[in-house]
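# What the coordinates show
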Amino acid sequence: MGLEIRTYPLDVMLPRGDKRAIAAEIYGNRFHADQTLYEYLIEFLLIFVSEDTEGKNPKKSLRFHDPDAVGNLYYTVQPRMGLKRFIFFDKSKKNDSVSIDKKAYDEMMIALTKKIEGCEDDEKVAILESLQDLLHGYAVVLKKRTWCAQAMLPLCPEVIFCEAMPAKNKRNELKWDEIRYDEKEKVKIDSAFDFDKRNFLARGGELYYLHILQGLQGHPEKKEQLERLLQEQLVEEGKKISQIANFIQNTWETTMGYSDHPTKRLGISFIPENAYKDISVDSVDELINFMSCRMHPVKKIELLSKGVMIQIMRMLSVATTNYLRQIRECWIMDMNGSDGSIVKKIASTSFGNVQGTFTTAIGKNMKDTDSDERLKLIRKARKDSFDIFKSKGKELHCIIPLSGPYERFSLPEDCIRFLVLSLIPPQKKMTVDMFLEKLYEKYRIVIGPAQYKKVCGEDKDMNFSLSNSFRENANAFQDFLKATGFLRELSDATSIVVNPYEELEGVEL
């Protein structure tokens, strides 16, 4: 790649012969347009739950790497293809499976049936179908993908699957009758997939993991606290799903006579050392606040996936302006959405300014590139930076409308929920004005007149119409807070924003 940047972790060795990736030089290796919203969280948690006992930087499962580690980091995954086959194979709408997977699926169902005692065969089948429906009900990534590339909501470590691509040519050569009882060959039934193509778990969650890891430098107490909270969510709250998943996978591995769990060791890449460093502690603190809230575990994970994406959008925006060495652009939020409003037009201009920083940063990084390659590299860099920022923002509905003119920032209910719960600790409160200031300080989000005046410059007076428009915008935001249960009115003049959830301290495993 010929990188001229200082990386985090320090002294990361990249594979030789990599083509130059302009976006990677600004944002890290890499954000990729094909990664879905849920897959950022899945990949982040996959690294967290995995262990790695090799090399200089060993890592325990359900722990973070050493934040001060130098050189390449790794993690070792268990693909659990038997469990994945049980959940997705028979329900996959994409009919491109190979015969050996059909044989494996049938064998597993027979083995599971034998494990159920005290009922008739038709009842056993009904029980297994109910387990399939239960687990498949938490599927979040299906689309038109083959069964092995689908994914589940990460409710417990066992269902946080690594990427697996079908490798059809390789798998079509496998003959069930020839390898089923061959001690050396039978493992290929579950191992002859491509686990390292990075097509869908494309490193975006990995970059977020490194961002959080960097924020933990010098803060061992925060590292321990966040580990406890994630362990509570995945192990304690996910205990029942874990038991079901282990029953299925263990039955399959026992049936196959595997001597050990099939595993795959994967390498972690890098982020530019200074791309996100100034917001890394903020991201850690916000994650700790949110994970400290005691709430329904499924709702919590769903909300977390959106919150992680909001933080990643901030990462992209911050890295862009850091690269340009300029002040971060503001996200001016239109909370009313009424046609012809002043705030709507200003918010649209604000979004255009953010887009402009991405274009400028990519162009600046390409100044030494010859013209024949320039357009191709620009398109690729834009696709893996601003296009992700925009498309994921629209998926979250914090960039509106889905199509049409006046593209601008806004805040839907789930985004507001995450921001309140991540910026205000459980059972704590602050005035609305303080919360608006906190949004500006941490995200450069502008909603009310006081924050917009900072954008314009403290020495510039806002005219009455403009000031009134932003005051109405702030009132609309308060209505949103009230509707979601986060606002308490103490008097006509004073309202407070509260995090109503009880504090969850987590458990040490």
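What this report covers is the structure whose coordinates are included nearby.

## Concerning the sheet that holds strand E10 (residues 429-431)
Across a sheet, paired strands are connected by hydrogen bonds in the backbone, their directions being either parallel or antiparallel. Read from one edge to the other, the open sheet built from three strands follows the order E10-E13-E12, with strand pairing classed as antiparallel. The two strands at the open ends of the sheet, each matched to only one other strand, are E10 and strand E12 (487-489). Mean inter-strand twist for the sheet, computed between neighbouring axes without regard to direction, equals 30 degrees. The sheet contact formed by E12 and strand E13 (residues 495-498) spans three bridges and is antiparallel. Pairing of arginine 488 across the sheet is with isoleucine 496, part of E13. Sheet strands touched by helix H18 (residues 432-443): E10, E12 and E13. Its angle to E10, the strand with the most contacts, is close to 95 degrees. Along the sheet, helix H20 (residues 464-483) makes contact with E12 and E13, crossing E12 at roughly 105 degrees.

## A few points about the packing of helix H5 (residues 121-136) against helix H11 (residues 239-256)
Running from amino to carboxyl end, H5 crosses H11 at an angle of 125 degrees, the nearest separation of the two axes being 12 Å. Our classification of the angle between H5 and H11 gives oblique. As H5 runs across H11, the sense of the crossing is left-handed. Side by side, H5 and H11 meet where Leu131, Leu134 and Leu135 of the first sit next to Ile241, Ile244 and Ile248 of the second. Split into classes, the residues belonging to the contact of H5 with H11 amount to six nonpolar, no polar and no charged.

## Quick notes on unusual backbone geometry
Residue arginine 30 is bonded to the preceding asparagine 29 through a cis peptide linkage, with omega at 0 degrees. Residue position: arginine 30 is located in the loop between helix H1 (22-27) and helix H2 (37-49). Here the residue pair isoleucine 400 and proline 401 is connected by a cis peptide bond, since its omega of -10 degrees sits within 30 degrees of zero. With respect to the secondary-structure elements, proline 401 resides in the loop between strand E8 (399-400) and strand E9 (408-409). Non-glycine residue arginine 325 carries a positive phi angle of around 55 degrees.

## Section: the nonpolar core
By size, the foremost hydrophobic cluster in this structure holds 148 residues, and its most contacted members are Phe31, Phe64, Phe86, Phe389, Ile447 and Phe477. Looking at this core element by element, the count peaks at 14 residues for helix H13 (residues 297-324). The residue makeup of this core includes at least three contributed by each of domain 1 (1-56 + 70-273) and domain 2 (325-363 + 385-498). In this structure phenylalanine 64 touches Phe44, Phe48, Lys59, Tyr209, Ile212, Leu213, Leu216, Lys223, Leu226, Glu227 and Leu230, once residues within four positions along its chain are discounted.

## What about the packing of aromatic side chains?
Counted according to the given criterion, the structure contains 22 aromatic pairs. Seen in terms of ring centroids, phenylalanine 44 and tyrosine 209 are 6.1 Å apart; in terms of plane orientation they differ by 55 degrees. Their pairing is tilted. Here phenylalanine 44, found in helix H2, pairs with tyrosine 209, found in helix H9 (residues 204-215); they are 165 residues apart in sequence, far enough to count as distant. Ring plane angle 50 degrees and centroid distance 6.0 Å describe the contact between phenylalanine 351 and phenylalanine 386, whose orientation is recorded as tilted. Residue phenylalanine 351 is found in helix H14 (residues 342-365), and its partner phenylalanine 386 is found in helix H16 (residues 386-396); the two are separated by 35 residues along the sequence. Each of the two residues, phenylalanine 351 as well as phenylalanine 386, counts as buried. The rings of Tyr27, Trp331, Phe351, Phe358, Phe386, Phe389 and Phe409 are connected pair by pair, giving a single aromatic cluster. The lysine or arginine in question, arginine 171, covers the ring of phenylalanine 193, its NZ or CZ lying 3.8 Å from the ring centre. Geometry around tyrosine 406 places lysine 344 over its ring, the cationic atom sitting 5.1 Å from the centre.

Analysis parameters
- Residues numbered from 1 in each chain as written.
- Predicted model: local features only at pLDDT ≥ 70, side-chain atom pairs only at ≥ 80, totals over all residues.
- Heavy atoms only, no water.
- Pairing = 2+ DSSP bridges.
- Helix = DSSP H or I, 4+ residues; strand = E, 2+ residues; numbered from the N terminus.
- Axes fitted to C-alpha atoms, helices over the stretch in contact; angles between N-to-C directions.
- Contact = heavy atoms within 4.5 Å.
- Parallel < 35°, antiparallel > 145°, perpendicular 65-115°, else oblique.
- Left-handed = near helix turned anticlockwise from the far one by under 90°.
- Nonpolar A, V, L, I, M, F, W, Y, C, P; charged D, E, K, R; others polar.
- Core = buried A, V, L, I, M, F, W, Y, C linked by side-chain atoms within 4.5 Å.
- Buried < 20%, exposed > 50% of the residue type's maximum accessible area, 1.4 Å probe, protein only.
- Domains from an automatic or database assignment.
- Phe/Tyr/Trp six-rings, centres within 6.5 Å; stacked < 30°, edge-to-face > 60°.
- Lys NZ or Arg CZ within 6 Å of the ring centre and 35° of its normal.

Take it as geometry only, folks, not as evidence of what the structure does.
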